[in-house]
Structure formats: C-alpha cells, structure tokens
Amino acid sequence: MKYTTQFTTIPADSLSETVAACKQRQWRYVQTLAVNGEEGIDLIYSFMDMATGLLENYKVEKLAKGIHMPSITGDFLEAFVWENEIHDLFGINFDGIAIDFHGAFYALATPEPMTVISPAQKAAREKAAKVAAAKAAKEAKAKEGQGAAADDMEAKLAGMDPEKAAKVRAAMEAKAAKAEKEEK
C-alpha cells in the first residue's frame, strides 16, 4: 500500500466537527502535535485512513497560551495522553478531557516550559523582526522611487512626438511585465 500525507489548515471552531467526521469515516487517530511557532502555538491533529493509506493532518494555527480548546476524547479516548501533555507543556486548556490529570501529568519545575524562550531566542526573534521591517521599508522606498521615476518619464514623453512616445511606453510596459514575471 502506498502511503500519502496531506495537511489542511482549519479554524479552531471547526475542530469538533472535523474530528467527528474522521470518526464517522472510521479513520484511526494517530496523534496531536503542538509546536510553539512565532505567532503562537500550532496544534496538528493526525488521522489515518487505513483503507487508502492517507495520513490527514489538520492544523489549528496561532493559538495563545491559556486558550480553551475542545477535547477530542469523546470521539478518540486515546487523545487524553496528548491533551494532558500539551496542557502541561504548552498551557493550552482542553475542555472535557475524559481522563484529566489537571496539570499533574508531568512533574515540572517550570509551568508550560515549551513556551519559555531563552534570551538568545528572544534576541534572534527581535533581530529577525527588525530585518524584516527594514526590508519592507526598503521595498516601499524603492516602489516610491519608481513612482517618481515614472512621473519624470511621463513628463519627458509628453514633449515627444506621439508615435515615438507610444513606442517608448510600449517598451517600458513590456520591460515591467518581464520583470514582474521574473519575480514570480
């Protein structure tokens, strides 16, 4: 059997419906994975269709620490392990866990340790944000400069022979189209 993997991003409020559909199709629950991303915590729910070999991953993105999510243990009891772990390590609250350890699944020295970042990580994130902001500002300035250059060119073309001006405009449009195509 050939196995395939697919990822689908879903909104948090459609999770219960999506999980119920997987159960109705008799798919096997595989895992729930939590990832501490730049914009929040991402949860990835994985299910397998044993008949076709499809591993379907449903991703709920950008969740804040402390948010309340519905438990999927009503449909897949075995998810209690991942939900308790994610609660303890990432601070996501799951409402209605069938077997709830109430934050005592792990004995931790630091609450939600997977959401704690080191000073070096914080500095790297701040540096990346500054670099991205500088790049965006540079691109905006370049576009502004292009607009001024285009205005200057139009002023020059206005004083030209209309046929020559039309040829120059056509050449400029073709050059811009080519540059845009190369960017993509």
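The preceding data block contains the structure.
Report on the accompanying structure. The structure displayed is predicted, hence computed values, not measured ones. (Residues numbered from 1 in each chain as written. Predicted model: local features only at pLDDT ≥ 70, side-chain atom pairs only at ≥ 80, totals over all residues. Heavy atoms only, no water.)

## Some remarks on the packing of aromatic side chains
How two aromatic rings sit relative to each other is given by the distance of their centres and the angle of their planes. Throughout the structure, instances matching the rule amount to six aromatic pairs. On the numbers, 5.5 Å between centres and 80 degrees between planes, the contact of Tyr29 with Trp82 is edge-to-face. With Tyr29 in strand β2 (residues 28-37) and Trp82 in helix α2 (residues 80-90), this pair connects stretches of sequence that are 53 residues apart. Note on Phe101 and Phe105: the rings are 5.0 Å apart at their centroids and 75 degrees apart in plane angle, and the pair reads as edge-to-face. Phe101 sits in the partly exposed class, given a relative accessible area of 36%. A relative accessible area of 24% places Phe105 in the partly exposed class. Over the aromatic face of Phe76 sits the side chain of Lys23, whose NZ or CZ is 5.7 Å from the ring centroid. Positioned above the aromatic ring of Trp27, the side-chain terminus of Arg25 is 4.7 Å from the ring centre. (Phe/Tyr/Trp six-rings, centres within 6.5 Å; stacked < 30°, edge-to-face > 60°. Helix = DSSP H or I, 4+ residues; strand = E, 2+ residues; numbered from the N terminus. Buried < 20%, exposed > 50% of the residue type's maximum accessible area, 1.4 Å probe, protein only. Lys NZ or Arg CZ within 6 Å of the ring centre and 35° of its normal.)

## Remarks on the nonpolar core
One finds Leu43, Tyr45, Phe47, Met69, Ile72, Ile92 and Phe94 to be the most contacted residues of the largest nonpolar core, which totals 26 residues. Those elements that place two or more of their residues in this core are α1 (15-24), β2, β3 (40-49), β4 (54-63) and α2. For Met69, the contacting residues outside a window of four places in its chain are Ala12, Leu15, Leu43, Tyr45, Val60, Leu63, Ile92, Asn93, Phe94 and Asp95. (Core = buried A, V, L, I, M, F, W, Y, C linked by side-chain atoms within 4.5 Å. Contact = heavy atoms within 4.5 Å.)

Taken by themselves, the reported measurements are silent on function.
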